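Observations on the model geometry
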Amino acid sequence: SGQFKGDTTLDGLAYVARESPEEYDAILWLQSNGKEGEGMLEAVGTSWSAYSRISGSTGLPTVLGWPWHEQQWRGSPKPFEGREEDVRTIYATLDSSEAMRLLDKYDIQYVVVGPRERATYGNLGLAKFSQMGDVVFPGESVTIYRVRG
């Protein structure tokens, strides 16, 4: 003993609860309210990072999480070609109809806007989500919209 500092646990989300309590609450909200067959959107990022943590913690599928990880498993980027660009467009575009077309294409019900989305895609295109959907998780740093339609 003495190898670990602090409490040890098998709860994989204990770290998130401690370090990012609002994101933890958002995950719990989606675990409770998201239904099988519904999709969610969050920022695309690098392997073994906090990117795609919400979809990975809720079981709700997202458009693309870790591109290199997917390429390793699938042997080629072909199966997910264009997806990273589509996610960027959904978050960054000022054109609501283009964003809605892509949300429909991937059957997305929930859009997460948090620190990783702001860092990756900027703030400019985010205002459109309040016209395209309803805030179902109203956080200070993490907001979840349910897309209308």
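Here is a short report on the structure shown in this document.

A separate point is the overall build of the protein. Secondary structure assignment for the protein yields eight helices and four strands. Starting at the N terminus and ending at the C terminus, the protein contains elements arranged as α-α-β-α-α-α-α-β-α-α-β-β. Evaluated residue by residue, the protein yields a buried proportion of 42% over its 149 residues. If you take every contact in the protein between residues at least 6 apart in sequence, the share linking residues at least 24 apart comes to 57%. For the protein, the exposed area adds up to about 8600 Å²; of that, 50% sits on carbon and sulfur atoms.

This part covers helix α2 (residues 21–33). Compared with an ideal rise of 1.5 Å per residue, which puts 13 residues at 18 Å, α2 spans 18 Å between its outermost C-alpha atoms and is within 8% of the ideal. Tucked into the core, α2 has its buried residues touching α1 (14–19), α3 (53–58), β2 (108–113), α7 (115–121), β3 (133–138) and β4 (143–147).

Attention shifts here to unusual backbone geometry. As a rule of thumb, non-glycine residues mostly have phi less than zero, and peptide bonds are mostly trans rather than cis. Even without being a glycine, Asp107 presents a positive backbone phi close to 55°. Topologically, Asp107 is positioned in the loop between α6 (96–105) and β2. With a relative accessible area of 43%, Asp107 lands in the partly exposed category.

This part is about the sheet that holds β2. Read from one edge of the open sheet, four strands run β1-β2-β4-β3, paired in mixed fashion. A strand with exactly one partner marks an edge of an open sheet, and here the two such strands are β1 (39–41) and β3. Within this sheet the neighbouring strands show an average axis-to-axis angle of 25°, counted without direction. As paired strands, β2 and β4 are joined by four bridges and run antiparallel to one another.

Rules used throughout
- Starting afresh in each chain, residues are numbered from 1 along the sequence in its written order.
- Given that the model is predicted, a residue must reach a pLDDT of at least 70 before its local features are reported, and side-chain atom pairs must reach 80 or more before they are shown or counted; all residues, however, enter totals for whole chains, interfaces and linings.
- As a rule here, side-chain values come from all non-hydrogen atoms in the structure, and water together with hydrogens is ignored.
- Helix and strand definitions here come from DSSP, where helices need a minimum of 4 consecutive H or I residues and strands a minimum of 2 consecutive E residues; each element is numbered from the N-terminal end.
- For the exposure calls, accessible area comes from a 1.4 Å probe over protein chains only, and a residue counts as buried if that area is under 20% of its type's maximum, exposed if over 50%, partly exposed in between.
- Residue contacts follow a heavy-atom distance rule, with two residues in contact if any of their heavy atoms lie within 4.5 Å.
- Residue burial considers only the protein chains on display, and all accessible areas are found by Shrake-Rupley using a 1.4 Å probe.
- Here the expected span of a helix is defined as 1.5 Å times the quantity of residues minus one.
- When DSSP finds two or more bridges between a pair of strands, those strands are recorded as paired.
- Note on definitions: angles span 0 to 180 degrees between N-to-C directions of axes, and those axes are lines fitted to C-alpha atoms, for helices only across the stretch in contact.

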